[in-house]
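Remarks on the overall topology
Residues per chain, in single letters:
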Amino acid sequence: MSDLLHVEGLVAGYGQAQVLHGVDLTVGAGEVVVVLGANGAGKTTLMRAIAGLLPSRGAIAFGGQPLGGRRPEAVVARGVSLVPQGRGTFTALTVHENLRVGAAVRGKDKDGIAADIEHWYEVFPVLRARAKQVAGTLSGGEQQMLAVARALMSRPKLLLCDEISLGLAPKIVAELFAVLRKINDEDGTALLLVEQNAELALDLAGRAYLLEVGRVAGQGPAAEFRDNDAVRRAYLGY
Amino acid sequence: MSLLLDRLFDGITNGCVYAIMALALVIVFRGSGTINFAQGELALFTTYVAWWLSTLGAPIWAGLVVATVVGLVLGAGIERTLIRPVRRRNDMAVLIVCLGLFTALNALAGLIWNSESKVMPSVFPNGLEDYLSIGGARLYFDGLGVWLVVLVVVGLMFLLFNRTRLGLHMRAVANAPESAALSGVRTGRVLMFGWGVSGAIGAVAGVLVTPLSPQQLGLQTMFPILIYASAAALFGGLDSPVGAVVGGLVLGVLQQLIMGYVGFIGDTLPQTAALSIIVAVLVLRPNGLFGTRQLERV
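Presented here is an overview of the structure given in this document. (Residues numbered from 1 in each chain as written. Chains lettered and ligands numbered in written order. Predicted model: local features only at pLDDT ≥ 70, side-chain atom pairs only at ≥ 80, totals over all residues.)

**Observations concerning unusual backbone geometry**
As a rule of thumb, non-glycine residues mostly have phi less than zero, and peptide bonds are mostly trans rather than cis. All names here are of chain A. Positive phi outside glycine occurs at Arg-155, with the angle close to 50°. Inspection of the secondary structure assignment puts Arg-155 in the loop between helix H6 (140-152) and strand E7 (158-162). Among the residues examined, Arg-155 registers 17 C-beta atoms within 10 Å and is labelled partly exposed. Within the chain, Glu-163 stands out as a residue other than glycine whose phi angle is a positive 55°. Counting through the fold element by element, Glu-163 comes out in the loop between E7 and helix H7 (170-187). Of the residues examined, Glu-163 has 20 C-beta atoms within 10 Å and is grouped as buried. (Helix = DSSP H or I, 4+ residues; strand = E, 2+ residues; numbered from the N terminus. Buried ≥ 20, exposed ≤ 12 C-beta atoms within 10 Å, placed from the backbone.)

**Quick look at the interface of chain B and chain A**
Counting residues at the interface gives 20 residues for chain B and 26 residues for chain A. For the side of chain B that touches chain A, the elements supplying multiple residues, two or more each, are helix H6 (165-175) and helix H7 (177-182) of chain B. Along the lines of polarity and charge, the residues of the side of chain B that touches chain A split into eight nonpolar, seven polar and five charged. (Contact = placed C-beta atoms within 7 Å. Nonpolar A, V, L, I, M, F, W, Y, C, P; charged D, E, K, R; others polar.)

**Things to note about helix H4 (residues 91-113) of chain B**
Residues and elements named next belong to chain B. Taking 1.5 Å per residue, 23 residues should reach 33 Å; H4 reaches 33 Å between its end C-alpha atoms and fits that length. All of the buried residues in H4 are Val-94, Val-97, Cys-98, Leu-101, Phe-102, Leu-105, Asn-106 and Ala-109. Along its buried surface, H4 packs onto helix H1 (2-32), helix H2 (39-55) and helix H3 (60-87). Residue Asn-114 follows H4 closely and has a positive phi angle near 55°. (Expected span 1.5 Å × (residues − 1).)

**A look at the sheet that holds strand E9 (residues 207-212) of chain A**
Think of a sheet as strands paired side by side through backbone hydrogen bonds, with each pair either parallel or antiparallel. Residues and elements named next belong to chain A. Pairing is mixed in the open sheet, where six strands are placed in the order E6-E7-E8-E3-E9-E10. With partners counted over all chains shown, the strands left at the sheet margins are strand E6 (80-83) and strand E10 (215-221), one partner each. Geometrically, the sheet is characterised by an average inter-axis angle of 15° between neighbouring strands, direction not taken into account. Relative to strand E8 (residues 190-194), strand E3 (residues 32-37) runs parallel, the two sharing four bridges. Its bridge partner being in E8, Val-33 is matched across the sheet by Leu-192. In this fold helix H1 (residues 43-51) packs onto E3, E6, E7, E8 and E9, with an angle of close to 145° to the strand it touches most, E7. (Pairing = 2+ DSSP bridges. Axes fitted to C-alpha atoms, helices over the stretch in contact; angles between N-to-C directions.)

**Comments concerning the pairing of E9 of chain A**
The side chains of a regular strand alternate, first on one face of the sheet and then on the other. All names here are of chain A. The buried fraction of E9 is high, at five of six residues. Judged from the five bridges that link them, E3 and E9 form a sheet pairing that is parallel. What sits directly across from Leu-36, in E9, is Leu-210. Where E9 meets E10, six bridges bridge the pair, whose relative direction is antiparallel. Paired with Leu-210 across the two strands is Gly-218, which belongs to E10.

**A closer look at the packing of helix H3 (residues 95-102) of chain A against H6 of chain A**
Residues and elements named next belong to chain A. Taken N-terminus to C-terminus, the directions of H3 and H6 make an angle of 30°; their axes are 7 Å apart at the nearest point. In terms of crossing hand, the pair formed by H3 and H6 is right-handed. Contact with H3, carried on its side by Val-95, Asn-98, Leu-99 and Gly-102, involves Leu-146, Ala-149, Arg-150 and Ala-151 of H6 and no other residues of that element. Of the residues belonging to the contact of H3 with H6, the class tally is five nonpolar, two polar and one charged. (Left-handed = near helix turned anticlockwise from the far one by under 90°.)

**Points about the sheet that holds strand E4 (residues 56-62) of chain A**
All names here are of chain A. The strand order across the open sheet built from four strands is E2-E1-E4-E5, with neighbouring strands paired in antiparallel fashion. The sheet is open, and its two edges are formed by strand E2 (17-28) and strand E5 (65-66), each paired on a single side. Sheet topology note: the E4/E5 ladder contains two bridges and is antiparallel. Its bridge partner lying in E5, Phe-62 is registered against Gln-65.

These figures come from the coordinates and say nothing about function on their own.
Structure, rendered in C-alpha cells:
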C-alpha cells in the first residue's frame, strides 16, 4: 500500500519548547490510524504541525508531494482537513454558514456545495433543525458534529481528528464514531485519530501508534495493541 | 421647533459621517483586532487627492471616485506591507504601527500639499438657497446628499457581509481566524481586503464631510472625526457593524443637541464630550450596545 501521508523525523513545538523530537508516521490511502499517548506526549502538536498551524522541521509528504512548511489554507486545499481539539466551529456564524465556510477551497462550485450540505444534514439531522441558529448556541455534542461536518465540507482525502470525543456524552461519541466509520467505508476517506477513548478508537482503527514524550514508542496493528498488556493497563484501564 | 429640527438635521448629517468612519474602524477591528488610529489620516490623505484633482479641473465627483480607489489600494497596501509582518507577533505591535502611520500620513499630506487650509468643493449643491423647507427648518441638499451616500455605503456593506462569499469569509476570519485558515479561507487576502474597504470608506467620508465644516480642508480636519468615530464604534460595540452605524447617528445627534442646549459645554468642548462617552462606555458597558459578549456554551 502506497502511503497517503508520510511523516519522517518531524520536529515541532512552541517557541523554545520542543515537543516532538523526530516522529515517523504513515497513513495509507483509505486507512484508519490512531495515535495513543498520555497527556503532554505531543499528540495535539503532531496534528497541528501536519495541518500547517505550527512551524516544523522534518519531512511531511502527502500523496507523494512535500507538505511541510505550508500554510493551513494550502494544506486543506491539498486534501488534509483537521477537526481541532475544542471544536473548530465559528460560534458567531449560523450552522449553515459554518458549512459554507468549510467549503472555502471548493471555489464557486455552488451546486456541489449545496448537495454536500444537504448530505451532512441527512447524516446529522440535528444540524438541519438548527441550520439558522448561530453555532455558539449549540450544545457541545452538536458543535462537535458541526465541526466534523465543517471539516468534511472540503472533501478531504485525509481527515485529522484531535480528541473529538473529549467532554461528550457516550451516546454522542458513539454517533460520531459511527459517522467516521461510515465516511471511511463509503467515501474511502483516510482517518488519523488522536483519542483519549482508546477502546473506541482501536475498534475503528487498522493500525495504532503509541506516542511517548514526543517520540514513537510503539506501533502495530490495532488488534495487537489491544492485546498488549502495557497498553491495556495504561490506556484501556483493565 | 424649527430650531430643534435644524439641529436634528445637522446632527444626522454629522452622525452619518461618524457612522461610516466607525464602520471602517469596525471592519479593521474585527479582522486585525485593533483600532486603526491611522483611519482618520488615511481618509485625510485621500481627501487631499480629491481636492488636488479638483484644482486640476476635474469635477469633484470624479475626484471622489479616484479618492475611493486610492483609499482601497492604500488600505490594502498598508495591510500587506506594514501590518501583516507584525500581526503574528501581537496586537500591540499593530497598534504601534497604526500610530506611526497616523503621524506619517499626516506629515506626508503636509509635505505634498503644505499646511495651509484649502477650499474643498462640495459634491452636492451647497448654496445658501439649496435647501428643502420642512416645518420651518432647512434641510440643505448637501446634508441630504450625505444621508443618501451613507445609506448606499451601509447598504453595500450589508450586502457584502451577508450576501457574498467574500463577506462570509470576512466574518469567519473575524470570529475564529484559526478555524477559518483550517477551512481553507485565505485569511491574509481577507484581511487585506478589509483594510482596503476601510480605506475606501474613509475616502468617501472625508470628501463628503470636509465641505460641511467651516474650516475646510486642513491637516487637522479628520482628527476630531476619528475621535467621534472611535467613540461611536465603542458605543455600538467594537465588533458590530450595526452598532457602529447606530452609534454614529446617536453621537451625531447628541452632539448637536448638547452644543445647542447645554450652554456651558457649547462649541468648545464637544471633543471632551466624545471622550467622556468613550470613558463611560468602557466603564459601564465594555462591550457596547451591540458588541459580542464573551459568553458562550462550550
